[in-house]
Amino acid sequence: MYTSFMSIKLLDLFKRGLVQIVPENVLHSLLNSNEPLLIKFGADPSAPDLHFGHCVVLKKLRMLQDMGHRVQFVIGDFTARIGDPTGKSETRKALTEEDVRANAASYQEQVFKILDPGKTDLVYNSSWLGVLTASEMIGLSARYTVARMLERDDFSKRFKSNQSISVHEFLYPLLQGYDSVVLKSDIEMGGTDQTFNLLMGRHLQREYGCDKEQAIITVPILEGLDGVQKMSKSLNNHIGIMDSPKEMFGKTMSLPDDKIIRYFSLLTDMSDFELEDMRTKMSSTGVNPRDFKIELAKCLICMFYETSDAEEAEEEFKRVFAKGLVPEDIPEVVVTEESVFLLGLLIEQKLVVSKKEGQRLMQAGAVSVDGEKQLNFRYMLAVEGEQVVKVGKRKFLKVVKAI
RNA sequence: GGAGGGAUGGCGGAGUGGUCAAUCGCAACAGACUGUAACUCUGUCCGGGUUUCCCGUACGUAGGUUCGAAUCCUACUCCCUCCA
């Protein structure tokens with residue numbers, strides 16, 4: 001493989017933000033390997049919606065592909081039956097084969113928005129783990145000790161705090177590591193929460209006498225929109241990659257200011273120089289961080305949509321929130337009656353969950369018709385022409401009188 | 001195998017016979033402010049209703065005692081600790 005100026009630049013970008021590289025010199029071989037390296041990346045098909053938190057590592061993988069390497073994308077359909085105990089104390093519910101297949105299909109669709117399909121080998125770990133015999137499994141478990149297993153951060157925490165750890169949970173890292181033995185991976189990438197599992201792959205490759213041990217590269221875990229906890233769907237602080245441009249824009253705008261640079265740094269190709277410039281401007285001069293956030297929002301949208309979509313989202317955002325106008329396309333309901341019980345309509349149209357909730361919102365002044373707050377929850381709406389009902393900050397409904 | 005402790009609303013965690021739809025903190029939602037930010041302040045945070053009040057359901061599950069149970073009893077399920 002030849003080394004060009006471009007690929008050196010790419011390598012610089014790739015290195016940005018990486019947390020740990022074992023061994024250090026693997027970066028050198030990325031540019032100087034004679035044949036493509038095999039980069040393993042595993043995904044648990046239990047949560048089929050990818051978000052920008054996943055993009056951090058996916059972007060890095062894409063860069064490696066652009067340098068000429070291959071990605072082994074492992075769908076952990078077998079290991080999903082155990083559920084990675086990482087950071088969790090509850091057992092996950094078992095997935096049916098059907099779930100796994102459906103999730104995996106949707107995974108592929110999403111993942112290939114970033115990865116190059118031509119340089120990706122998609123594999124299912126059930127194809128080799130599913131046929132392991134009991135004695136092979138015992139052989140595998142004999143390669144590691146309980147004491148060392150308990151070194152794993154979350155195991156040790158749970159152990160110390162008297163939370164239960166099932167024996168089968170020990171199998172998760174072992175099996176994930178065994179994947180690397182089967183796949184003969186050169187490098188495995190993952191978030192920092194995967195460090196233990198990644199090192200396990202390295203350890204097992206040595207144990208099984210492979211002629212090489214995989215390098216491991218970890219990327220940071222991206223904080224979610226609250227700016228503190230990791231981005232995750234269950235914490236509802238995520239921006240999904242399947243979200244519409246408008247949603248992406250709005251969600252990005254709610255990001256705390258001090259995470260702007262971090263997002264740029266981990267999710268975009270903006271140069272270090274530009275990042276530094278931005279940092280300076282935000283801290284010293286009177287540049288409003290909001291403007292950088294707008295730019296960030298557009299960058300993120302452009303990863304998955306056209307520039308024009310990003311611009312539209314910006315327009316819409318300014319329209320609705322900066323100027324307090326009504327969004328362009330909002331749900332519409334046609335009413336034939338002269339007057340209608342507003343709260344009932346809101347429930348029917350699913351803008352509120354229950355009457356109680358609706359009452360509370362109305363009493364709190366969160367519901368307005370054509371800009372006029374309606375505090376009485378028994379309010380009967382006199383239907384005429386087109387009226388816009390607003391619930392909270394972002395729920396709208398257009399009520400249209402049938403002619 | 002033996003002994004003991006525990007299970008409460010999205011989470012943490014009070015409450016140990018009536019005044020408990022259940023203190024408080026976090027999260028969430030709404031209002032004011034604003035840059036849909038942060039901070040701050042205020043309010044809300046099971047459902048239904050004839051809505052300053054009434055009703056239903058809810059404190060692991062199923063029964064029981066009682067005028068009355070989250071609180072007492074029995075069985076069951078799950079979790080934890082100690083001993084072996």
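Below you will find a few notes about this structure.

## Some words on the packing of aromatic side chains
For the structure shown, the criterion picks out eight aromatic pairs. Between Phe-249 and Phe-317, the aromatic rings sit 5.1 Å apart at their centres with planes inclined by 45°, giving tilted as the arrangement. Of the two residues, Phe-249 is situated in helix α11 (residues 245-253) and Phe-317 in helix α15 (residues 307-322); the sequence distance between them amounts to 68 residues. Between Arg-143 and the ring centre of Tyr-208, over which it is positioned, the NZ or CZ distance is 4.3 Å. Directly above the aromatic system of Phe-155 lies the positively charged group of Arg-152, at a separation of 4.8 Å from the ring centroid.

## A closer look at the protein's contact with RNA strand B
In the region of RNA strand B, 29 residues are neighbours, and Ser-164, Gly-250, Phe-317, Lys-355 and Arg-360 sit closest. Restricting attention to atoms of RNA strand B within 4 Å of the protein, one finds that 65% of them are sugar or phosphate atoms. Note that a phosphate oxygen of RNA strand B is positioned 2.8 Å from one of the backbone N or O atoms of Lys-356. Taking Arg-378, its side chain carries an N or O atom lying 2.6 Å from a phosphate oxygen of RNA strand B. If you list the elements that add at least two residues to the surface near RNA strand B, you get α11, α14 (289-302), α15 and α17 (355-363). With five residues, the single largest contributor to the surface near RNA strand B is α17. Tallied by class, residues from the surface near RNA strand B come to 10 nonpolar, nine polar and 10 charged.

## Re helix α4 (residues 97-111)
Over its 15 residues, α4 extends 20 Å from the first C-alpha to the last, a length consistent with the 21 Å expected when each residue adds 1.5 Å. Among all positions of α4, only Val-100, Asn-103, Ala-104, Tyr-107, Gln-110 and Val-111 are buried. Angularly, the buried residues of α4 cover 125° about the axis, an arc narrow enough to put them on a single face. Those residues of α4 that are exposed and aimed more than 90 degrees away from the buried face are Glu-98 and Arg-101. Those residues of α4 hidden inside the fold are in contact with β2 (38-43), β3 (70-75) and β4 (120-124).

## Details of a negative patch on the surface
Taken together, Glu-311, Glu-312, Glu-315 and Glu-328 make up a surface patch of like negative charges. For Glu-312, a relative accessible area of 56% translates into the label exposed.

## Brief notes about the state of the cysteines
The full count for this structure, using the stated rule, is zero disulfides. Summary of cysteine pairing: Cys-55 is not part of a disulfide, and the nearest cysteine sulfur, belonging to Cys-299, is at 13 Å. Look at Cys-55 and you get buried, because its relative accessible area is 0%.

Thresholds applied
- Residues numbered from 1 in each chain as written.
- Chains lettered and ligands numbered in written order.
- Predicted model: local features only at pLDDT ≥ 70, side-chain atom pairs only at ≥ 80, totals over all residues.
- Heavy atoms only, no water.
- Phe/Tyr/Trp six-rings, centres within 6.5 Å; stacked < 30°, edge-to-face > 60°.
- Helix = DSSP H or I, 4+ residues; strand = E, 2+ residues; numbered from the N terminus.
- Lys NZ or Arg CZ within 6 Å of the ring centre and 35° of its normal.
- Near = heavy atom within 4 Å.
- Polar contact = N/O pair within 3.5 Å; in protein donor to acceptor, adjacent residues only side chain to side chain.
- Nonpolar A, V, L, I, M, F, W, Y, C, P; charged D, E, K, R; others polar.
- Expected span 1.5 Å × (residues − 1).
- Buried < 20%, exposed > 50% of the residue type's maximum accessible area, 1.4 Å probe, protein only.
- Arc of directions from axis to C-beta.
- Contact = heavy atoms within 4.5 Å.
- Patch = residues over 30% accessible without salt bridge, like charges linked within 9 Å, V, L, I, M, F, W, Y side chains within 5 Å.
- Areas by Shrake-Rupley, 256 points an atom, 1.4 Å probe, with all protein chains shown as cover.
- Salt bridge = Lys/Arg side-chain N within 4 Å of Asp/Glu carboxyl O.
- Lys, Arg positive; Asp, Glu negative; His and termini not counted.
- Charge placed at Lys NZ, Arg CZ, Asp CG, Glu CD.
- Disulfide = S-S within 2.5 Å.

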